[in-house]
Amino acid sequence: MAREFQLYIVPTPIGNLKDITLRAVEVLKSVDIIACEDTRTTQKLLNHYDITTKCCSYHKYNEKERINLFKSYINEGKTIALVSDAGTPLICDPGAVLLEELLKDGVAITALPGACAVTTFVSQVPREGEEFTFIGFIPRTAEGIKKVVTDNMNKHLIFYEAPERILKTLETIKTTRGDIKIALGRELSKLFEEIKIGTISKIQEYFKDEIRGEIVCMLYPSSNINDDELINRIKILKSKGFKAKEISVILSSLFDENKNRVYDLAVKSE
Ligand code: SAM
């Protein structure tokens, strides 16, 4: 017999209604309350699967005030399932505040595996090695974008972005990092889903002036050499009397590397 929990974190489809597990449907049917962001959105899913469990709204604007209500349900012996409008709760969706409070009370919590835009994307985009950095939504300001893409230059950097902002965001990235290779996923698991991989210019050319639908994007690392190797070479050049600025010019042209990255490492390793 399956172990029972008091709070179940339940992923829901990110586009295709069939992308829900048998266990998720079973849990949604068996709990006493489903805490959801938008009751109308979740109701469509519940109707599709003949789930009659009562819904209660739980979103970023009422997160704190709902905590006592959910605690009282749990104290009465009721079970709760937490869902978001689409995908996995707590991945760019509410739930962290509730979880933190319930964990303090020793509530038995479990999360079901399931649909999530970032894992759906990353499992169909080739990468070198296993590592990637997911930052949720990319900052909205040009300054914020520049900082995050510069700080993560030698990583596979994955982010969510709204369709109305993505073209401007890509332009900001291009002016910061150059015409780097990216992967863009659109409308995953839906009718018009597509993955495009290429330089920013190619992607801009493909989409022209408008991109519609839900977007997840990955920037490929710019660096051809990792930090350790670079630091080794910096040390060799330093021992021969070269200054940080000279080293940054030499190594950046040698490895097609960003000059500032080399310079920063050269200064740091002094
Ligand atoms: N909790 C969700 C998850 O597990 O992926 C993410 C919720 S976040 C509020 C919504 C963002 O996720 C969208 O703006 C988009 O960037 C991304 N997203 C959600 N569904 C997607 C899909 N079908 N295709 C591509 N990106 C998607």
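About the thresholds
- Residues numbered from 1 in each chain as written.
- Predicted model: local features only at pLDDT ≥ 70, side-chain atom pairs only at ≥ 80, totals over all residues.
- Heavy atoms only, no water.
- Helix = DSSP H or I, 4+ residues; strand = E, 2+ residues; numbered from the N terminus.
- Contact = heavy atoms within 4.5 Å.
- Disulfide = S-S within 2.5 Å.
- Buried < 20%, exposed > 50% of the residue type's maximum accessible area, 1.4 Å probe, protein only.
- Pairing = 2+ DSSP bridges.
- Axes fitted to C-alpha atoms, helices over the stretch in contact; angles between N-to-C directions.
- Near = heavy atom within 4 Å.
- Polar contact = N/O pair within 3.5 Å; in protein donor to acceptor, adjacent residues only side chain to side chain.
- Areas by Shrake-Rupley, 256 points an atom, 1.4 Å probe, with all protein chains shown as cover.
- Nonpolar A, V, L, I, M, F, W, Y, C, P; charged D, E, K, R; others polar.
- Domains from an automatic or database assignment.
- Phe/Tyr/Trp six-rings, centres within 6.5 Å; stacked < 30°, edge-to-face > 60°.
- Lys NZ or Arg CZ within 6 Å of the ring centre and 35° of its normal.
- Right-handed = clockwise from strand over helix to strand, strands pointing away.

Q: Help me out: how do you make sense of the side chain of Ser222 in this one?
A: Relative to the helices and strands, Ser222 is located in the loop between β10 (215-219) and α9 (227-239). In contact with Ser222, not counting residues within four places along its chain, are Met153, Asn154, Arg177, Ile180, Asp256 and Glu257.

Q: For this particular structure, what's the right way to read the state of the cysteines?
A: Each disulfide is one covalent bond, formed between the sulfur atoms of two cysteines. One pass over the full model with this rule turns up zero disulfides. Free cysteine Cys116: the closest other cysteine sulfur is in Cys92, separated by 8.3 Å. According to the relative accessible area criterion, Cys116 is buried, its value standing at 7%.

Q: Just to check I follow, could you spell out the sheet that holds strand β6 (residues 133-137) for this structure?
A: Backbone hydrogen bonds hold the strands of a sheet together, and the pairing may be parallel or antiparallel. Ordered in space as β6-β7-β10-β8-β9, the five strands form an open sheet in which the pairing is mixed. Only two strands of the sheet have a single partner each, and these edge strands are β6 and β9 (194-199). Averaged over neighbouring strand pairs, the angle between their axes works out to 15 degrees when direction is ignored. In this sheet, β10 lies alongside strand β8 (residues 181-186) in antiparallel orientation, the contact comprising five bridges. Looking at β10, one finds that Leu184 is bridged to Cys217. The strands touched by helix α7 (residues 163-177) within the sheet are β7 (157-161), β8 and β10, with β7 carrying the most contacts at an inclination of about 145 degrees.

Q: Teacher, can you tell me more about the side chain of Ser84 here?
A: The topology assignment puts Ser84 in the loop between β4 (80-82) and α4 (96-104). On the basis of relative accessible area, Ser84 is assigned to the buried category, the value being 1%. In this view, Ser84 contacts Thr12, Glu37, Thr42, Pro89 and Asp93; residues no more than four positions away in its chain are not counted.

Q: Help me understand the site of the ligand, please; the structure alone is not making it clear to me.
A: Neighbouring the ligand are 18 residues, the closest being Thr88, Ile91, Asp93, Tyr160 and Ile215. One of the backbone N or O atoms of Ile14 is found 3.0 Å from a nitrogen atom in the ligand. Asp93 has a polar side-chain atom sitting 2.8 Å from a nitrogen atom of the ligand. Protein chains shield 90% of the accessible area of the ligand, which is 570 Å² for the free molecule. Taken together, the elements giving at least two residues each to the shell around the ligand come down to β7 and β10. Of the residues belonging to the shell around the ligand, the class tally is 11 nonpolar, two polar and five charged. Taken domain by domain, the makeup of the shell around the ligand includes at least three residues from each of domain 1 (7-115) and domain 2 (118-219).

Q: How do you make sense of the packing of aromatic side chains when you look at a structure like this?
A: What characterises a pair of aromatic rings is the spacing of the ring centres plus the angle enclosed by the ring planes. Per the counting criterion, the structure on display carries six aromatic pairs. An angle of 80 degrees between the planes, with centres 5.9 Å apart, marks the rings of Phe5 and Tyr8 as edge-to-face. Ring centres of Phe134 and Tyr160 lie 5.0 Å apart, and the angle between their planes is 70 degrees; this geometry places the pair in the edge-to-face category. In this pair, Phe134 is assigned in strand β6 and Tyr160 in strand β7, connecting sequence segments 26 residues apart. An aromatic cluster is built from Tyr58, Phe70 and Tyr73, whose rings are joined through pairwise contacts. The ring of Tyr220 has Lys181 lying over it, and the distance from NZ or CZ to the ring centre is 4.3 Å. Note that Lys196 overlies the ring of Tyr206, its terminal NZ or CZ placed 4.3 Å from the centroid.

Q: For this particular structure, what's the right way to read the sheet that holds strand β1 (residues 7-9)?
A: With parallel pairing, the five strands of this open sheet are ordered in space as β3-β2-β4-β1-β5. Where the open sheet ends on each side, the last strands, each with one partner, are β3 (54-57) and β5 (109-111). The mean inter-strand angle of the sheet, taken between neighbouring strand axes irrespective of direction, is 25 degrees. Taken together, the four bridges between strand β2 (residues 33-36) and β3 define a ladder with parallel strand orientation. From the neighbouring strand, Ala35 faces β3, where its bridge partner is Cys56. Strands in contact with helix α3 (residues 63-75) are β2, β3 and β4; relative to β3, the strand with the most contacts, it is inclined by about 150 degrees.

Q: Can you help me understand the environment of Ile195 in this one?
A: With respect to the secondary-structure elements, Ile195 resides in strand β9. Under the relative-accessibility criterion, Ile195 is labelled partly exposed at 25%. Sequence separation between Ile195 and Leu157 is 38 residues, and the spatial gap between their C-alpha atoms is 16 Å. Not counting chain neighbours up to four residues away, the residues in contact with Ile195 comprise Phe121, Gln124, Val125, Leu184, Gly185 and Leu188.

Q: Explain the pairing of β7 to me, please; I cannot follow it from the model alone.
A: Residues in a regular strand project their side chains so that they alternate between the two faces of the sheet. With five of five residues buried, β7 is to be regarded as a mostly interior element. The pairing of β6 with β7 spans three bridges and is classified as parallel. Looking at β7, one finds that Phe134 is bridged to Ile158. Tracing the backbone out of β6, into helix α6 (residues 142-151) and back to the parallel element β7 gives a crossover that is right-handed. Two elements, β7 and β10, share five bridges in a ladder whose sense is antiparallel. Bridge pairing in β10 places Phe159 opposite Cys217.

Bear in mind that shape data such as this cannot, by itself, settle questions of function.
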